[in-house]
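# Secondary and tertiary structure notes
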Amino acid sequence: MTDIKPANPLEMVAYNLSLQIEDHKVVYVGTGLPMVAAILARKTHAPNITLVYESGAQDPLEGGMPWSVGGPFTWRKSPMILEMSYSFGQAYNGYVDIGFLGFAQIDMYGNINTHMIGIDLMKPKVRLTGSGGNNDLSSLSEKMVLVGLQSPDKFVPKVDFITSVGFLTGGDSRKKAGLLGQGPVAVVTNAGVYDFEPESKRMRVKTLNPGVAVGLAQLATGFELLKPDGEIPVTPVPSAEVLGILRNEVDPLRVFTSMPGA
Amino acid sequence: MSAFDYNKEALKNLKIDDTRILDRLVDFESARSVHLKKDHSRRDKRLSLKDAIAEFVKDGDVLTDTGFSYVRTPMQAYFEILRQKKKNIQMIGSPNSNQSYMISFGAACYSHNSYSGAEMRGYDRAYSRAVIEGKTRILSEWSHGTMAQGFKAAQLGVPGVFSKQLLGSDILRYNPYVKVMQNPMRTDPDPVVFVPALYPDIAIIHVQAADRFGNARMYGPPINDIALAAAARRVIITAEEIVPPGDIRSNNKGVVIPFTAVDAVVELPFGAAPGSMPGYYYWSRQWWEKLMRWACQSQANINEYFEYWVFSCKDQFDFIEKLGGAKWIASSRRLTKAEEYDNEDLGFDFSYKEFKTLETETGIYY
């Protein structure tokens, strides 16, 4: 192996998302980096996982990257396709191990906004997509991993709209609200990987990407990040072999893993 | 006095004073009454698209989006709704992405939202502008799953279901229809959300094949359409092919909509174009990209785009000619089969030129 280009920030995100997936589990995915991550996991450390989608698609044969959750890529030769209501029912009934959620804004308790930027839903600055399956997965899945790019306007003290509950106001407020599952177990960004402190349920630095100092991560965050005791480990970096699989087999057209403008 | 007890905080947040606008979606009695009054006989229901839309889609209807944004979605029927200048429509759907252009051209002006956008292409600027400018009024916010539960409850024939979704979220504060309650089966505190059965006025469902009575066969993800066919007061089936009743009887795998629910059957080849029709044709990515990245930028752009693609087309065949005609058909059929590993194109290159480079016209909108 000669001079393979190091992982770009999106490839780092995809790789670290893939590490959240254990073998033999059922993974609920949408399009984008979570799908890249799930397929990478299957081609590396977790060959026996099953992918399911909100379109109802179950366990498709893998191939190129899908452009839409409804497109044939997500149900290619699927043994069956469920209706949408039943698809989320799988998460309620305990057949989904892990789900991935994106966000436009996130707060220190892992609450997510995909509805709007502004203060009035009737007259926002920007109207975003709305929930889609985001709220359903956050309410029902056993574990969820949150994924997005990190900046102070995305990592905010208070989200403009709670589309999906992470840990609500911390402590046991998620459970008291009546929601299922463990809540968010990790946040994966271009700066590092975060978890949630077990008592307060506040976001905590777990690992930082190479070259990212804790001060920089804090600068990219609109609330105070908790820091673990001792030295903060460096986020795992994909080996040349894994990068090769990612680039040549998982997303060869670089649909999701090329940097904008690159 | 209204028969319905809406969530008052949501009414306040949504600034809804007159709640009658909300009633029909949950008015089971009127839906049942409409269903009872239909001619239930097994009869030939074939109509042209123009006649079906003229007769069964009414101003002010609650219209549900079907399929999945641009997969097996009756795009050409929606375009006919625009051409017939229907108005005051409430749009609902999970997803509800096609409301965007329905609002841009004044057909729809109320939104029941679970999702409106273009997935990896991000949020829809035309829809965002419509909300900000007040061209559409949001009547309720949902998640995919809870809206799907509302439709499914209607199909199950029950007043509603209890859900564990939405709890703790702001969606509850912007949905007049749902209520947090104590689970009546439990002695310990167990909050649940009551989701009422949802009854849209009209569902247009595009399928691969139907018989003349309306028995409809589907291939690919059904999403919410089986529930919607049972729930909606009126149902139009548009089909790639009308097959003899004997074909439906002997190949009943995938027959998911019973004729009793159906009011009109329209033979409509390419009825999902420029979206994707499983087994038949692949979506025109360049058309969608240009819609999302150029047309949605301003009302002037979308006017120009739809003038060319919708208002100056009399039917779907005009549209297909503009996409590239027989060459587009051959290419899109090849792509959709390749995507399903159903031809010899294993490893087929799905890369394509973005719409920006279409000055070097190939004559086909891949």
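Please read these numbers as outputs of a predicted model, since none were measured by experiment.

## Notes on the overall build of chain B
Summing up its helical and strand segments, chain B has 14 helices and twelve strands in all. Taken against the 2.2 N^0.38 rule, which gives 21 Å for 366 residues, the C-alpha radius of gyration of chain B at 21 Å falls within 12% of a compact globule. For the C-alpha atoms alone, the extent of chain B along its principal axes is close to 65 × 50 × 40 Å. Counting every position in chain B, which comprises 366 residues, the buried fraction comes to 56%. In chain B, the share of contacts with a sequence separation of at least 24, taken over all contacts with a separation of at least 6, comes to 76%.

## Observations regarding the overall build of chain A
Along the backbone of chain A there are seven helices and eleven strands. Relative to the 2.2 N^0.38 estimate, which gives 18 Å for 262 residues, the radius of gyration of chain A is 18 Å and therefore close to what a compact globule would have. Based on the C-alpha atoms only, the size of chain A along its principal axes is roughly 45 × 40 × 35 Å. Buried residues in chain A amount to 55% of all 262 residues. Taking the contacts inside chain A whose residues are at least 6 apart along the sequence as the reference set, 65% of them involve residues at least 24 apart.

## Some points on the pairing of strand β8 (residues 202-210) of chain B
Residue and element names in this part refer to chain B. Of all nine residues that make up β8, nine are buried, and the element is covered over most of its length. Of the pairings in the sheet, the one linking strand β1 (residues 62-64) to β8 comprises two bridges and is parallel in character. In the sheet register, T64 faces β8, and the bridge partner there is A203. By the bridge criterion, eight bridges tie β8 to strand β10 (residues 234-242) in an arrangement that is parallel. Residue I202 lies in a different strand from β10, and its bridge partner there is R234. In the sheet, β8 pairs with strand β9 (residues 216-217) via two bridges, with the strands oriented antiparallel. Residue pairing in the sheet places A209 in a bridge with R217 of β9. In this structure, the hairpin formed by β8 and β9 is closed by a connection of five residues, where G214 is found at a positive phi of approximately 115 degrees.

## What about unusual backbone geometry?
Each neighbour pair has its own omega, and for B:S94 with B:P95 the value is 0 degrees, a cis peptide bond. With respect to the helices, strands and loops of the structure, B:P95 is situated in the loop between β2 (89-93) and α6 (99-104). Cis peptide bonds are those with omega within 30 degrees of zero, and the linkage from B:A273 to B:P274 qualifies with 10 degrees. Position of B:P274 relative to the elements: it lies in the loop between β12 (264-267) and α11 (285-293). Positive phi values are uncommon outside glycine, yet A:K77 reaches one of about 55 degrees. Along the chain, A:K77 falls in the loop between β2 (50-53) and α3 (84-92). Not every positive phi belongs to a glycine, and B:K15 is a case in point at roughly 55 degrees. Looking at the element boundaries, B:K15 is found in the loop between α1 (8-13) and α2 (20-26). For B:K15, a count of 11 C-beta atoms within 10 Å corresponds to the exposed category.

## Comments concerning the interface of chain A and chain B
Contacts between chain A and chain B engage 51 residues on the former and 57 residues on the latter. Broken down by class, the residue content of the side of chain A that touches chain B amounts to 25 nonpolar, 19 polar and seven charged.

## Brief notes about the environment of B:G271
Residue and element names in this part refer to chain B. Tracing the backbone through its elements, the reader meets G271 in the loop between β12 and α11. Looking at G271, the number of C-beta atoms within 10 Å reads 28, which means it is buried. Separated by 66 residues in the primary sequence, G271 and I205 place their C-alpha atoms 10.0 Å from one another. Not counting the four nearest positions on each side in its chain, G271 is found in contact with P74, Q76, A77, H206, T238, E240 and Q316.

## What to know about the confidence of the model for chain B
The predicted model of chain B has a mean per-residue pLDDT of 94, with 93% of residues at 70 or higher. Both confidence scores are given for the complex: pTM 0.96, ipTM 0.95.

## Brief notes about the sheet that holds strand β5 (residues 160-163) of chain B
All names here are of chain B. Here three strands make up an open sheet; going across it, the order is β5-β7-β6 and the pairing antiparallel. Edge positions in the sheet fall to β5 and β6 (179-182), since each of these pairs with one other strand and no more. Averaged over all neighbouring strand pairs, the angle between strand axes comes to 40 degrees, with direction disregarded.

## Describing the nonpolar core
One recurring pattern in soluble globular proteins: nonpolar side chains tend to sit buried together. With 192 residues, the main nonpolar core has A:A14, A:A38, B:I205, B:A229 and B:I237 as its most contacted residues. Per element, the largest residue contribution to this core is eight residues, and it comes from helix α2 (residues 33-43) of chain A. Those residues in contact with A:A14 that lie beyond four places of it in its chain are A:L33, A:V36, A:A37, A:L40, A:L246 and A:T257.

## Structural notes on the packing of α2(A) against helix α7 (residues 240-250) of chain A
Residue and element names in this part refer to chain A. Packing of α2 against α7 leaves a shortest axis separation of 10 Å and a crossing angle of 115 degrees. Considering their axes alone, α2 and α7 lie roughly perpendicular with respect to each other. As α2 packs across α7, the resulting crossing turns out to be right-handed. Residues V36, I39, L40 and K43 of α2 lie in contact with α7, whose contacting residues are I245, L246, E249 and V250. Broken down by class, the residue content of the contact of α2 with α7 amounts to six nonpolar, no polar and two charged.

## Describing the sheet that holds strand β8 (residues 143-147) of chain A
All names here are of chain A. Taken in spatial order, the seven strands make up an open sheet running β2-β1-β3-β8-β9-β10-β11, and their pairing is mixed. Each edge of the open sheet carries a strand with a single partner, namely β2 and β11 (203-208). Strand-to-strand twist across the sheet, computed as the mean angle between neighbouring axes with direction ignored, equals 25 degrees. Pairing between strand β10 (residues 192-196) and β11: five bridges, direction antiparallel. By the bridge assignment for β11, V193 is matched with T207. Seen against the sheet, α2 touches β1 (26-29), β2, β3 (98-102) and β8 and runs at an angle of roughly 155 degrees to β1.

Definitions and cut-offs
Residues numbered from 1 in each chain as written. Chains lettered and ligands numbered in written order. Predicted model: local features only at pLDDT ≥ 70, side-chain atom pairs only at ≥ 80, totals over all residues. Helix = DSSP H or I, 4+ residues; strand = E, 2+ residues; numbered from the N terminus. Rg over C-alpha atoms; globule rule 2.2 N^0.38 Å. Buried ≥ 20, exposed ≤ 12 C-beta atoms within 10 Å, placed from the backbone. Contact = placed C-beta atoms within 7 Å. Pairing = 2+ DSSP bridges. Nonpolar A, V, L, I, M, F, W, Y, C, P; charged D, E, K, R; others polar. pLDDT = per-residue confidence, 0-100. Axes fitted to C-alpha atoms, helices over the stretch in contact; angles between N-to-C directions. Core = buried A, V, L, I, M, F, W, Y, C linked by C-beta atoms within 7 Å. Parallel < 35°, antiparallel > 145°, perpendicular 65-115°, else oblique. Left-handed = near helix turned anticlockwise from the far one by under 90°.

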